[in-house]
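Listed below are the residues making up each chain.
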Amino acid sequence: MTPSPSMETEIGRKILAEHPGTTGSLGCAISEAVETATQNEGYRYVLGSVLNQVLLHQSIIGMETKIALDQYGIVPDMIIGCAGGGSNLGGLISPFMGEKLRGERDYQFITVEPASCPSLTRGVYAYDFCDTGMVCPLAKMYTLGSGFIPSPNHAGGLRYHGMSSILSQLYADGYMEARSVGQVEVFQAAEAFARVEGILPAPESSHAIKVAIDEAMKCKETGEEKTIVFGLTGTGYFDMMAYEKFHNGEMTDYIPTDEDLKQGIDGIPRFPGNME
Ligand SMILES: Cc1ncc(COP(=O)(O)O)c(C=O)c1O
């Protein structure tokens, strides 16, 4: 296994030269994968997040959730998911969002992203490259700029500079909310969840758990009863080092300054109707 960015691709070497010691991002890994696939006979690469076909595949999660809830006669009030490129959330909300768009039912949808990589909450809505090496086509999305590489703190698979075009459009049109959360509070929620449920959640999923707990606590205060659905997208067994860091009190939060974000946003392509 070779971690990205690597010295094995041209784009990996370029990224490492420009950002020495960086732990990379999904955008870097995509560029390296595309380069490897295009330069080796018999290889193909299919993006695993962000693009519409990935959301389509993941809609199975939403359909299963809806069928299960329907069988018990439960109608959720809110649906919460973590978002890196947006595919698990897009899939989870798809049948529910369909009902909302058709005016059949109303739901509250909440996207949760890391404060260290806040594409929806602090990005701009523009056409941008899906990858750091700028080889993929442009997509209209909320973006921090394809050159934005989040600080090396954990945030796992949510380290992506942009957001699925479908989710971006839904957010721009006001059908969905977005919140950004700090990593330390996310791990606190993850630990609480593990202690109560006996399931060690992935750090990515724990972003959704954090907001689900916040919302449940609000209900406790107001006395309201709400059914909250959230996406538990993976286990934390691959992330024991991050849990250890959290336990040893070594986990930190780095929230980018406006100045940090400006660099990435300044790199978004400019043409009439896009950033000008
Ligand atoms: C466990 C887990 N959940 C969520 C995500 C976020 O990806 P997406 O927003 O495309 O669903 C990732 C990405 O690597 C992940 O590993």
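Once a new chain begins, its residue numbering starts again from 1 and follows that chain's sequence as written. It should be noted that, the model being predicted, local features are given only for residues of pLDDT at least 70 and side-chain atom pairs only at 80 or more, the latter also being counted only at that level, while totals for whole chains, interfaces and linings use all residues. The side-chain values count all of the structure's non-hydrogen atoms but skip hydrogen atoms and water molecules.

### Considerations on the overall build of the chain
Of the regular secondary structure elements, the chain holds ten helices and six strands. Based on C-alpha atoms, the radius of gyration is set beside the globule rule, defined as 2.2 Å times the residue count to the power 0.38. Here the C-alpha atoms of the chain give a radius of gyration of 19 Å, agreeing with the 19 Å that 2.2 N^0.38 yields for 276 residues. Principal-axis analysis of the C-alpha atoms places the extent of the chain at approximately 55 × 45 × 40 Å. Partly exposed describes any residue whose relative accessible area lies between the buried limit of under 20% and the exposed limit of over 50%, with all areas from a 1.4 Å probe on protein chains only and scaled to the type maximum. Residues counted as buried form 49% of the 276 residues belonging to the chain. Elements are defined by DSSP. Helices are runs of H or I of four residues or more, strands are runs of E of two residues or more, and each kind is numbered from the N terminus.

### Overview of the packing of aromatic side chains
Aromatic rings from Phe, Tyr and Trp, taking only the six-membered ring of Trp, are treated as a pair when their centres fall within 6.5 Å; an angle between ring planes under 30 degrees marks them as stacked, one over 60 as edge-to-face, and anything in between as tilted. As enumerated under the stated definition, the model contains eight aromatic pairs in all. Their ring planes at 55° and their centres at 6.0 Å tell us that Tyr107 and Phe109 sit as a pair that is tilted. Take Tyr107 and Phe109: they sit in the same class, and that class is buried. Measuring from centroid to centroid gives 6.0 Å for Phe193 and Phe230, while their planes differ by 80°, and the two rings are edge-to-face. On the criterion of sequence distance, the pair formed by Phe193 in helix 7 (residues 183–197) and Phe230 in strand 6 (residues 228–230) is long-range, its members being 37 residues apart. Judged by relative accessible area, Phe193 falls into the buried class, the value being 12%. Phe230 sits in the partly exposed class, given a relative accessible area of 27%. In this structure an aromatic cluster arises from ring pairing among Phe96, Tyr107 and Phe109.

### A word on helix 10 (residues 258–266)
What helix 10 keeps buried is the set Leu261, Gly264 and Ile265. Taken down its axis, helix 10 places every buried residue within 95° of arc, on the same side. Opposite the buried face of helix 10, at more than 90 degrees from it, the exposed residues are Glu259 and Gln263. Note: the arc covers the axis-to-C-beta directions of the helix.

The analysis is restricted to geometry; functional conclusions fall outside its scope.
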